Amino acid sequence: MDKLVCCAGVTFIGSLENTEYNTFMREISINLGGVFNMCKAAVKELVKSEDPPLSPSAPTWACAPSERIGYCPSKAGVIMLTKCIALEYAPKVRVNCVLPGWCAPP
């Protein structure tokens, strides 16, 4: 393995008042836990590669669109997870977080 890009995730529409705890935790588990699991599974092989990139993705990390009570915190968590992994594995693995943001339709 010579690279890992984590770019999958889910979003559920809901406010604090109408989002159930289980829905909130499912979103955190998929969006943040999924990145954790993929990075953990890949890092041993990435350390063996030459200049391996590991790139978690975290769109909408700086803005908070309405009724995304689980999505935004989960993606903000991806940024901090990325920083922790980068500190732990530098300089063996190059770790970057891609922050594409929302894309408007043409």
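Everything below is about the structure printed above this text.
Not measured: the values here are computed from a predicted model.

Novice: Outline the nonpolar core, listing residues and values.
Specialist: Nonpolar side chains in soluble globular proteins generally cluster together in the buried interior. Core analysis: the biggest nonpolar cluster contains 12 residues, these being L4, C6, V35, C39, A42, L46, L54, V78, L81, I85, V93 and V95. Among the secondary structure elements, those contributing two or more residues to this core are β1 (4–6), α1 (21–48) and α2 (71–89). When sequence neighbours within four positions are dropped, the list of residues in contact with I85 reads C39 and V95.

Novice: Tell me about α1, and name the residues and values.
Specialist: Along its 28 residues, α1 runs 40 Å from first to last C-alpha, staying within 8% of the 40 Å computed at 1.5 Å per residue. For α1, the principal kink sits at A42 and spans about 45°. Taken as a whole, α1 has its buried residues at E27, I28, N31, V35, C39, A42, V43 and L46. Summarising the contacts, the buried residues of α1 are in contact with β1, β2 (53–56) and α2.

Novice: Account for the environment of V43, with residues named and values stated.
Specialist: Relative to the assigned elements, V43 resides in helix α1. Residue classification places V43 among the buried residues on the basis of a relative accessible area of 9%. It is 8.9 Å that separates the C-alpha atoms of V43 and L4, two residues lying 39 residues apart in sequence.

Novice: Could you give an account of α2, with specific residues and numbers?
Specialist: The first and last C-alpha atoms of α2 sit 27 Å apart over 19 residues, in line with the 27 Å expected at 1.5 Å per residue. All of the buried residues along α2 are Y71, C72, S74, K75, G77, V78, I79, L81, T82 and I85. Packed against the buried residues of α2 are α1, β2 and β3 (94–95).

Novice: Run through unusual backbone geometry, naming residues and quoting values.
Specialist: Residue A90 is joined to P91 through a cis peptide bond whose omega torsion reads -5°. With respect to the secondary-structure elements, P91 resides in the loop between α2 and β3. A positive phi angle, near 55°, is found at E67, a position not held by glycine. With respect to the helices and strands, the residue E67 is situated in the loop between β2 and α2.

Calculation rules
- Residues numbered from 1 in each chain as written.
- Predicted model: local features only at pLDDT ≥ 70, side-chain atom pairs only at ≥ 80, totals over all residues.
- Heavy atoms only, no water.
- Core = buried A, V, L, I, M, F, W, Y, C linked by side-chain atoms within 4.5 Å.
- Buried < 20%, exposed > 50% of the residue type's maximum accessible area, 1.4 Å probe, protein only.
- Helix = DSSP H or I, 4+ residues; strand = E, 2+ residues; numbered from the N terminus.
- Contact = heavy atoms within 4.5 Å.
- Expected span 1.5 Å × (residues − 1).
- Bend = angle between axes of the 7 residues up to and from the residue.

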